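So you can see what is in the structure, the chains are spelled out below.
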Amino acid sequence: MTPRAGTMRLACMFSSILLFGAAGLLLFISLQDSAELTPQRVPGVKFDIRLHQPGDDLPPGGSQDGVFKAPTERVTRDLSSRAPKGLNLLVPDQPQAPLNMGARLRPRQRRRRLLIKKMPAAIPANSSAGSSVRPAPRALDGRWVSLHQRQRERKRVMGEACAKYRASSSRRAVTPRHVSRIFVEDRHRVLYCEVPKAGCSNWKRVLMVLAGLASSTADIQHNTVHYGSALKRLDTFDRQGILHRLSTYTKMLFVREPFERLVSAFRDKFEHPNSYYHPVFGKAILARYRANASREALRTGSGVRFPEFVQYLLDVHRPVGMDIHWDHVSRLCSPCLIDYDFVGKFESMEDDANFFLSLIHAPRNLTFPRFKDRHSQEARTTARITHQYFAQLSAPQRQRAYDFYYMDYLMFNYSKPFADLY
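Bear in mind the structure is a predicted one, so any value in this text is a computation, not a measurement.

What counts as what
Residues numbered from 1 in each chain as written. Predicted model: local features only at pLDDT ≥ 70, side-chain atom pairs only at ≥ 80, totals over all residues. Heavy atoms only, no water. Helix = DSSP H or I, 4+ residues; strand = E, 2+ residues; numbered from the N terminus. Polar contact = N/O pair within 3.5 Å; in protein donor to acceptor, adjacent residues only side chain to side chain. Contact = heavy atoms within 4.5 Å. Pairing = 2+ DSSP bridges. Axes fitted to C-alpha atoms, helices over the stretch in contact; angles between N-to-C directions. Buried < 20%, exposed > 50% of the residue type's maximum accessible area, 1.4 Å probe, protein only.

Concerning the side chain of T381
Inspection of the secondary structure assignment puts T381 in the loop between α12 (349-359) and α13 (383-390). Of the polar contacts made by the side chain of T381, one reaches the side chain of R267; its length is 2.8 Å. Here T381 is in contact with R256, E260, V263, S264, R267 and T386, once residues within four sequence places are set aside.

Printed below as a string of structure tokens:
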């Protein structure tokens, strides 16, 4: 072999080695990139995703009222991903549904969109004794999972009722009216839909403490809660501010057994002196539904009886309009249009409230208040008291009242309060 041929052969071998090395390097880099970009989803293990910190990316606020389309895909979150650090929730893995917000989201926002999973069988909602400091979830793993499953079941029931009876709601436009009962707490990114007579006064106290407006719920007076302007409503923001908060904040509402809530409202507004409900509602109810009402009753509006109040409620030609204290939850909070992340119940308030406060990483010393906001010496409205009031009605009246609140009974999975209802 000549020297020239040997040199050419060595050059070819060297080039081949370089090519193989370059190909191997490219293959290694491509495998490394895909491994870094793809989350390793292992069934039964919670994938750790950092929560958006309070105060980040807040849009400019405004007072412009406008009509806008709700997202065509319902935005949901996996509550298990919001558990406090150190708590591993063993929940089955589920495929994620696509998110459509009508506009392209930044990659960081897309990674934050977490989905709630389909729910198994319901778990009874029973209250438990509380303490001045919330128990650490780390010590209550089994209880935490139970509460998480309860939330999934409530959302499933609510979703099925909406799909069956309010199928067109998800395609409707969200207007400021739909969010007029929703209060905003920006520091912890919470939206709370107010349902009167379902713990709303104390929930607004909690929101004020979370917002740094008070150091303790016990320091906040009733008039400050209901007539002050410390808490913002969602409808006071402009279109961008409303959409941003609906799609990124934790949305919650608390509900109550409909008949019990109705009796609680009646006792509060008509069995105690009231400078608004007596002259506005009482006088109109007595004039329409009480035969031979006295002059004094017609002048003051005091002394409305429960059957007269129910007559007003069921009358399609009411002499005075509806009121938020006895209106349907489905009208107050639009749960078929707005995808709530958390559904609590008055009947299991302590468990549900402490669970929610842990989810949003509220201070450990902040617990839901136990005190009765008004008429503190009077017994709370219970199922027994509710039955006593409804015993004053005829069977057809009870049936019509049940029909009136049927969607609330169905949507929030409350059983029929009387055996003769159908």
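Some points on the side chain of H178
With respect to the helices and strands, H178 occurs in the loop between β2 (173-174) and β3 (182-185). Ignoring any residue separated from it by four or fewer positions in sequence, one finds H178 in contact with R172, A173, L332, S334, L337 and I338.

Section: the sheet that holds β3
Pairing is mixed in the open sheet, where five strands are placed in the order β5-β3-β4-β6-β7. In this open sheet, the two strands that pair with only one neighbour each are β5 (232-233) and β7 (342-345). In this structure, strand β6 (residues 250-255) lies alongside β7, joined through four bridges in parallel fashion. Its bridge partner lying in β7, L253 is registered against V343. In this fold α12 packs onto β4 (190-193), β6 and β7, with an angle of close to 150° to the strand it touches most, β7.

Topic: α12
Within α12, 10 of the 11 residues are buried, which leaves it mostly tucked inside the rest of the structure. Looking at α12, one finds that the buried residues are M349, D351, D352, A353, N354, F355, F356, L357, S358 and L359. Contacts from the buried residues of α12 go to α3 (141-165), β4, α4 (200-210), β6 and β7. Looking one or two residues past α12, H361 carries a phi angle of roughly 60°, positive in sign.

Interpretation in functional terms is not warranted from these geometric data alone.
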